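Listed below are the residues making up each chain.
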Amino acid sequence: MRFVNEYRGPEAAARFARALEQAVTRPWTIMEICGGQTHAIIKFGIDQLLPDRITLVHGPGCPVCVTPVELIEKAIAVARLPRVVLCSFGDMLRVPGRSGDLLAAKAAGADVRVVYSPLDALALARAHPDREIVFFAVGFETTAPATALAVHQAAREGLKNFSLLVAHVLVPPAIEAILSSEAVRVQAFLAAGHVCTVMGWEEYVPIARKYRVPIVVTGFEPLDILQGIHMAVLQLEAGRAEVENQYSRAVRREGNAAARRLIGEVFEVVPRKWRGVGEIPDSGLGLRDNYAAYDAERRFALEAHSCDESPECISGLVLQGVKKPPECPAFAVACTPEHPLGATMVSSEGACAAYYRYRRAAAELPGGRRH
Ligand code: SF4
C-alpha cells in the first residue's frame, strides 16, 4: 500500500537501530506525545529494537483518556434528558465516569449515537428539528477544525437544535506541564505529526528553548518513529535543543492556515482539567461568546460535580510518563478492556490498552509478571 509499506520496511528499521546504537553514548528518556504513536511503538516492537540506553515513555496524547470524569458525567446527564440525542465518537462510550458510562446510559434508554464526524451530528440536527442534537466534542487540535466547521455551519444555517459539549485540549500546554513537574524525567519529545499538520510547529520553539529540550515532529509509521527517535538522540548527544520536523511530507512550519483561522474564530483558549493530571492553564478550547448559544453546558445548565478517579488507577502517572501500564497493580488483573478502571484501558489510543493488546504475554511484562 503506497505511503504505508515504504514506511514499514524491516531492513530500513534495522539500519535505524544500528545508527542509534552507534549514536547513543549515555541513557536518554524520550516521550512520544501521541497515543497513536504509542500503539505503533508497542504493536511493532519499536521499543524492543532500541539500545538499552534509550527509554521511551508514553505521553498524554490520547484525548479520550484525558477527558475529565466531570465532563463524562455531564455527557451522561445531558443524554438522559428528554428529546436529546447525544452524539459521540465510539471510543467515549465505554469510558468510565462516576455513575457509569455512556453505553450504560444508552442501555437504560438514553439516545446516544456513535458518529464519525461532528458533521454527522449536524446532519442529524437538520433531519430532526424536533430533537436537541448534542455533539460531545473530544479531541486535540487535530479534530478541532471539524468541530469548529460544524458549529460555524450551524450558525450560518440558523440551526437552533445543535450544540456542543466541548472537551477539546491542546498539546503544547501539556508538554509544559510535564516539563514543569517535579517527577519529570523526559529529555526529548516526539511531537504528534497530525496535530502539527493543523497547527504547524512554531509554538513548540519557545518550549524547546525555555526547557532546553529537543522536540521532533514525528509521524506514525514505524520508520517515522525510528527516524524521529534518531533525530532526537542526535540532538541530545550534541547538546542541541531545537524543533525539527521528521514528518515533512505532511507538516509545514505554519500548519494549515485555513483550519487555524476557523479554530480561532469559533474557539478561545481556556483552562482545562485533564483526567488523572488535574487542571492545566490555557490547555483547552471553549466556545467564544458569540457562539455561546451552541454551548450545551449553558443551554442545559449542566452542573459541575467534582469526581475522583478510581483509587486503584494510576493512569495519571502513565499519562505523564512516570509509570508504564504493567507497573499498575490492576493491569490485566482488576482492569481489562472488558472491565476498565480507567480511560487508558478503553481508548483505542490508550497506553494501557496498547500493552494489554500487544504485550500481555508474561515474558514481555517487566519482571515476567503474570496476569
Ligand atoms: S491498567 Fe487500568 S487501572 Fe491501571 S492505570 Fe491503566 S487504566 Fe488505570
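Computed from a predicted model, the values in this text were never measured in an experiment.

## Re the state of the cysteines
Enumeration over the complete set of coordinates arrives at one disulfide. A sulfur-sulfur distance of 2.3 Å marks the disulfide that ties Cys62 to Cys65. Of note, the bridge from Cys62 to Cys65 carries an S-S torsion of about 75 degrees and is right-handed in sense. On the basis of relative accessible area, Cys62 is assigned to the buried category, the value being 2%. Judged by its relative accessible area of 2%, Cys65 falls in the buried class.

## Concerning the site of the ligand
Taken together, the residues surrounding the ligand are Cys313, Ile314, Ser315, Cys328, Ala330, Phe331, Cys335, Leu341, Gly342, Thr344, Met345 and Cys352. Assessed atom by atom at 2 Å from the grid points, the ligand resides in the largest cavity. Residue composition of the shell around the ligand, grouped by class: nine nonpolar, three polar and no charged.

## Structural notes on the nonpolar core
Ranked by size, the top nonpolar core spans 91 residues in total, and within it Leu102, Phe136, Phe162, Phe189, Tyr204, Ile215 and Leu287 carry the most contacts. Setting aside anything within four residues of it in sequence, one finds Phe136 in contact with Thr67, Leu71, Ile72, Ala75, Cys87, Ser88, Met92, Leu102, Leu165 and Ala167. Residues Ile30, Ile41, Val233 and Tyr355 belong to the second largest nonpolar core, which totals 39 residues.

## Quick look at the packing of helix α1 (residues 10–23) against helix α12 (residues 222–238)
The axes of two packed helices give the description: the angle between them and the distance between them. Between α1 and α12, the least distance of the axes is 10 Å, while the angle of their chain directions is 15 degrees. By the angle class used here, α1 and α12 are roughly parallel. Here α1 runs over α12; the crossing is left-handed. Between α1 and α12, the residues in contact are Ala12, Ala13, Phe16, Ala19, Leu20 and Ala23 and Leu223, Leu226, Gln227, Ile229, His230, Val233, Leu234 and Glu237, respectively. Each residue belonging to the contact of α1 with α12 can be placed in one class, and the counts come to eleven nonpolar, two polar and one charged.

## Details of the sheet that holds strand β9 (residues 243–245)
Ordered in space as β2-β1-β7-β8-β9, the five strands form an open sheet in which the pairing is parallel. Of all the strands in the sheet, just β2 (54–61) and β9 have a single pairing partner and so form its edges. Mean inter-strand twist for the sheet, computed between neighbouring axes without regard to direction, equals 25 degrees. Of the strands in this sheet, β1 (28–34), β2, β7 (188–192), β8 (215–218) and β9 touch α12, which is tilted by about 165 degrees from β8.

## What about the side chain of Gln246?
Mapped onto the elements of the fold, Gln246 is located in the loop between β9 and α13 (257–266). Under the relative-accessibility criterion, Gln246 is labelled buried at 7%. A distance of 3.1 Å separates a polar atom in the side chain of Gln246 from a polar atom in the side chain of Gln227. Filtering out sequence-adjacent residues up to four positions away, Gln246 remains in contact with Val216, Val217, Thr218, Gly219, Asp224, Gln227, Gly228 and Met231.

## Side note on the pairing of β1
The side chains of a regular strand alternate, residue by residue, between the two faces of the sheet. Here β1 lies mainly inside the structure; seven of its seven residues are buried. As defined by bridge partners, β1 adjoins β2 across six bridges and the pair is classed as parallel. Bridging from a neighbouring strand, Thr29 pairs with Thr55 of β2. Pairing geometry for β1 and β7, over three bridges, is parallel. For Met31, the partnering residue across the bridge sits in β7 and is Phe189.

## Some thoughts on empty space enclosed by the protein
Vacant regions in the atomic arrangement are exposed by a probe of water-molecule size rolled over the atoms. Counted under the stated rule, the structure contains four cavities of 30 Å³ or more. In this model, the largest cavity occupies a volume close to 100 Å³. As for the largest cavity, its lining consists of 15 residues, of which Cys313, Cys328, Cys335, Thr344 and Cys352 are closest to the centre.

## Regarding the confidence of the model for the protein chain
Across the protein chain, the average pLDDT comes to 92, with 96% of residues at or above 70. Segment residues 367–371 is flagged for pLDDT under 50; beyond a separation of four residues in sequence, or across chains, it makes ten contacts in the model.

## Re the pattern of salt bridges
On inspection of all chains with the given rule, the structure shows 17 salt bridges. For the salt bridge of Glu132 with Arg299, the shortest nitrogen-to-oxygen distance reads 2.8 Å. Residue Glu132 is located in strand β5 (residues 132–139), and its partner Arg299 is located in helix α14 (residues 296–299); the two are separated by 167 residues in the primary sequence. Linking Arg249 and Asp224 is a salt bridge whose minimum nitrogen-to-oxygen distance equals 2.8 Å. Pair noted here: Arg249 is in the loop between β9 and α13 and Asp224 is in helix α12, with a separation of 25 residues, a long-range link. For Asp224, a relative accessible area of 1% puts it in the buried group. One salt-bridge network, held together by shared partners, links Asp111, Arg113 and Arg131.

Cut-offs applied
Residues numbered from 1 in each chain as written. Predicted model: local features only at pLDDT ≥ 70, side-chain atom pairs only at ≥ 80, totals over all residues. Heavy atoms only, no water. Disulfide = S-S within 2.5 Å. Buried < 20%, exposed > 50% of the residue type's maximum accessible area, 1.4 Å probe, protein only. Near = heavy atom within 4 Å. 1 Å grid on protein atoms, 1.4 Å probe; cavity = no way out; pocket = protein on both sides within 12 Å on 5 of 7 lines; lining within 4 Å. Sits in = over half its atoms within 2 Å of the grid points. Nonpolar A, V, L, I, M, F, W, Y, C, P; charged D, E, K, R; others polar. Core = buried A, V, L, I, M, F, W, Y, C linked by side-chain atoms within 4.5 Å. Contact = heavy atoms within 4.5 Å. Axes fitted to C-alpha atoms, helices over the stretch in contact; angles between N-to-C directions. Helix = DSSP H or I, 4+ residues; strand = E, 2+ residues; numbered from the N terminus. Parallel < 35°, antiparallel > 145°, perpendicular 65-115°, else oblique. Left-handed = near helix turned anticlockwise from the far one by under 90°. Pairing = 2+ DSSP bridges. Polar contact = N/O pair within 3.5 Å; in protein donor to acceptor, adjacent residues only side chain to side chain. Points joined across faces, edges and corners; volume = space filled by probe spheres on them. pLDDT = per-residue confidence, 0-100. Salt bridge = Lys/Arg side-chain N within 4 Å of Asp/Glu carboxyl O.

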